[in-house]
Amino acid sequence: LNFCYFYNMKNYITELIGTFFLVLIIGVSGNPFAIGFGLTVLVYMGAHISGAHYNPVVTLAMLLRKELGLVESINYIISQTLGATLAALVVFFLSSSPMEIQPNLSASIYQILACEIIFTYLLVYVILNVATHPNLKGNSFYGLAIGLTVMVGAFTVGQTSGGVFNPAVSLGPTLSHFIIGDGISKHYLWYYLLAPIIGALLATFQFNYFVNK
């Protein structure tokens with residue numbers, strides 16, 4: 001187990017770095033264009049090393065697809081969470097304000113959850129198709145497809161749910177609040193844990209059905 005951990009260290013470091021820069025871009029710019037194109041760059045940076053998940057529910061999907069083992073998946077998620085937390089601390093250092101991920105407070109819980117489920121489903125379904133489908137092996141457009149999906153989601157539902165689609169993007173800032181002594185980030189974290197997991201599960205089950213049919 002220890003040997004496997006160190007053997008795969010380059011994967012975990014890549015996941016940490018990619019998630020760090022993704023959350024940093026979100027926290028500093030909040031701009032869907034910057035986020036989408038930034039993710040595109042980061043995917044091309046790390047896909048050949050770790051698979052460029054940068055998102056715990058993408059790792060969950062790869063676990064269900066048997067692309068990763070359980071221990072490796074857990075280490076991916078730890079690395080992603082650490083990268084997101086470090087990024088949120090850098091955002092605090094640069095802006096003197098704690099990074100807050102929250103939905104539109106005038107939206108209902110059901111609207112927020114629906115937005116996050118639908119576009120996390122789309123994101124994971126796109127990733128599974130462009131990055132793992134046997135008919136698309138070796139394509140050069142996977143990074144652009146993934147980045148544009150996040151950009152479209154942010155433009156479409158960002159004003160309602162926050163356009164997160166990634167538990168690490170909320171979990172990192174929440175943990176940073178504890179570290180800087182600001183108490184718990186407001187009680188929005190569960191939206192961004194539950195909804196993306198549901199969306200990712202739906203996407204993975206549908207992808208498996210189509211691929212295995």
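Residues numbered from 1 in each chain as written. Predicted model: local features only at pLDDT ≥ 70, side-chain atom pairs only at ≥ 80, totals over all residues. Heavy atoms only, no water.

### Examining the overall build of the protein chain
Using the following cut-off: Comment: elements are numbered from the N terminus, with helices defined as DSSP H or I runs of at least four residues and strands as E runs of at least two. Throughout, radius of gyration means the C-alpha value; the globule benchmark is 2.2 Å times the number of residues raised to the power 0.38. In this scheme, a residue with accessible area under 20% of its type's maximum is buried, one over 50% is exposed, and one in between is partly exposed, where area comes from a 1.4 Å probe on protein chains only. Any two residues whose heavy atoms approach within 4.5 Å are treated as being in contact. To be clear on the numbers: accessible area is Shrake-Rupley with a 1.4 Å probe, and residue cover counts the displayed protein chains and nothing else.
If you tally the helices and strands in the protein chain, you get 9 helices and 0 strands. Along the chain direction, N to C, the helices and strands of the protein chain fall in the order α-α-α-α-α-α-α-α-α. Its C-alpha atoms give the protein chain a radius of gyration of 16 Å, within 12% of the compact-globule value 17 Å for 213 residues. The 213 residues of the protein chain split such that 48% are buried. A separation of at least 24 residues holds for 78% of the contacts in the protein chain among residues at least 6 apart in sequence. Carbon and sulfur atoms make up 69% of the accessible area of the protein chain, which amounts to about 10300 Å² in all.

### Re the packing of aromatic side chains
Rules: Paired rings are identified among Phe, Tyr and Trp, the last through its six-membered ring, by centres lying within 6.5 Å, and are further divided according to the angle between planes into stacked (under 30 degrees), edge-to-face (over 60) and tilted (the rest).
The full count for this structure, using the stated rule, is 10 aromatic pairs. Consider the rings of Tyr121 and Tyr125, whose centres lie 5.6 Å apart with planes at 10 degrees: the pair is stacked. Note that Tyr121 and Tyr125 are positioned in helix 6 (residues 109-132) at a spacing of 4 residues, about one turn of the helix. For the pair Tyr209 and Phe210, a centre-to-centre distance of 5.7 Å together with 50 degrees between the ring planes defines the contact as tilted. Its relative accessible area of 45% is what places Phe210 among the partly exposed residues. Ring pairs connect the aromatic residues Tyr188, Trp190, Tyr191 and Tyr192, which therefore count as one cluster.

### Some thoughts on the side chain of His53
Here His53 shows up in the loop between helix 3 (32-46) and helix 4 (56-64). Among the residues examined, His53 registers a relative accessible area of 8% and is labelled buried. Non-local contacts of His53, meaning those with residues more than four positions away in its chain, are made with Glu15, Val58, Thr59, Met62, Leu68, Tyr76 and Gln80.

### Looking at helix 3
The test is simple: A helix's residues, less one, multiplied by 1.5 Å, set its expected span.
Under the 1.5 Å per step criterion, the end-to-end length of helix 3 is 21 Å for 15 residues, consistent within 8% with the ideal 21 Å. Those residues of helix 3 not exposed but buried are Pro32, Ile35, Gly36, Gly38, Leu39, Thr40, Leu42, Val43 and Gly46. Lining the buried residues of helix 3 we find helix 2 (9-28) and helix 7 (142-161).

### So, a nonpolar patch on the surface
Here is the rule: Each patch groups residues whose relative accessible area exceeds 30% and which form no salt bridge, using 9 Å between like charges and 5 Å between nonpolar side chains of Val, Leu, Ile, Met, Phe, Trp and Tyr. Salt-bridge detection follows one rule: a side-chain nitrogen of Lys or Arg within 4 Å of a carboxyl oxygen of Asp or Glu.
The grouping of Phe33, Phe37, Tyr44, Leu144, Leu148 and Phe155 at the surface amounts to a nonpolar patch, some 560 Å² of accessible area in total. Of all the secondary-structure elements, those providing two or more residues to the nonpolar patch are helix 3 and helix 7. Topologically, Phe37 is positioned in helix 3.

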